[in-house]
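Descriptive analysis of the structure
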Amino acid sequence: MAKICAVFGGSRGIGKAVAQLLALKGYRLAVLGRDLNVAGTTARSLGAGHLALRCDVAQGKDVHDAFDEIENKLGSINYLVNAAGINRDALLLKTSTEDMVSQLHTNLMGPMLTCKYGIKCMLKQQGGAVVNIGSIIGQKGNAGQCVYSASKAGLVGFSRALAKEMARKNIRVNVVAPGFIHTEMTAHLKEDQLKAAIPLGRFGEAREVAQAVVFLLEAPYVTGHVLLVDGGLQLSI
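Residues numbered from 1 in each chain as written. Predicted model: local features only at pLDDT ≥ 70, side-chain atom pairs only at ≥ 80, totals over all residues. Heavy atoms only, no water.

To continue, consider the pattern of salt bridges. Per the stated rule, a full pass over the model turns up seven salt bridges. Among the ionic pairs, glutamate 218 bridges to lysine 25, the shortest N-O distance being 3.6 Å. Residue glutamate 218 is found in helix H8 (residues 206-218), and its partner lysine 25 is found in the loop between helix H1 (13-24) and strand E2 (28-33); the two are separated by 193 residues along the sequence. Classification of glutamate 218 by relative accessible area gives partly exposed; the value is 33%. A relative accessible area of 38% means that lysine 25 is categorised as partly exposed. Between aspartate 65 and lysine 61 there is a salt bridge, and its shortest N-O distance comes to 2.6 Å. Of this pair, aspartate 65 and lysine 61 both sit in helix H3 (residues 60-73), four residues apart, roughly one helical turn. (Salt bridge = Lys/Arg side-chain N within 4 Å of Asp/Glu carboxyl O. Helix = DSSP H or I, 4+ residues; strand = E, 2+ residues; numbered from the N terminus. Buried < 20%, exposed > 50% of the residue type's maximum accessible area, 1.4 Å probe, protein only.)

Here is the structure:
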């Protein structure tokens, strides 16, 4: 059976690293992002046979149309990775309603929508696997990130409930919760100060998170799990 995976947020950062590793392992990939040009560049870099699509996961029609096109051009997916995410860091009292809504729609509603449509495809294949990208912040919370923390904590609850719903259908659902990883989202952080709290003493790399994602996609007896990839950060916060 062909291994077909949709990677939402696959054009950059952790999602791109996941796509690169999966391509090396022989998967056919749909790389989805809000910027089609960037998604296209990533897909072409993976070699022949991959698909790039524009999709805003916060928009239900975008997600529906994306899965239609994936099925038409690649076939029904049996693997799904949700790596699209945004943050709008601010103390709660200074956070606008619009910023609350945008984070919840992208970080939580988005994976709900992609899972809804993606699992319909997996049922045709009589099995599959989903990995949602959470965050250590969703486990521990962080001042200035109340809404982001809520969205990522909600993603864990959603993923565990979905794992229970789909286990009998041989569809597994897991979460990878990264700590501080070198991506565009963390480029503004003061790394020298923050890494002192990380037992391994450094920020992680996107490819290191990708290894954990691929493990969970392929581990046949793991579902409903949250795998922290944080250099031990959870031990000190």
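Our focus in this paragraph is the pairing of strand E6 (residues 171-178). Among the eight residues of E6, eight are classified as buried, and the element is accordingly described as predominantly covered. Burial of the side chains of E6 extends over both faces: Ile171, Val173, Val175 and Ala177 are buried on one face and Arg172, Asn174, Val176 and Pro178 on the other. Bridge analysis of strand E5 (residues 128-133) against E6 gives six bridges, and the strand direction is parallel. Directly across from glycine 128, in E6, lies its bridge partner isoleucine 171. One ladder, built from four bridges, connects E6 with strand E7 (residues 226-229); its direction is parallel. Residue proline 178 lies in a different strand from E7, and its bridge partner there is valine 229. (Pairing = 2+ DSSP bridges.)

A separate point is the sheet that holds strand E3 (residues 51-54). Sheet architecture is open: seven strands sit in the order E3-E2-E1-E4-E5-E6-E7, paired in parallel fashion. One side of each edge strand has no neighbouring strand; the edge strands of this open sheet are E3 and E7. Within the sheet, the average angular offset between the axes of one strand and its neighbour, ignoring direction, is 15°. Here five bridges tie strand E1 (residues 4-8) to E2, and the two strands are oriented parallel to one another. Paired with valine 7 across the bridge in E2 is valine 31. Helix-sheet contacts for H3 involve E1, E2, E3 and strand E4 (79-82), and the interaxial angle to E3 is about 160°. (Axes fitted to C-alpha atoms, helices over the stretch in contact; angles between N-to-C directions. Contact = heavy atoms within 4.5 Å.)

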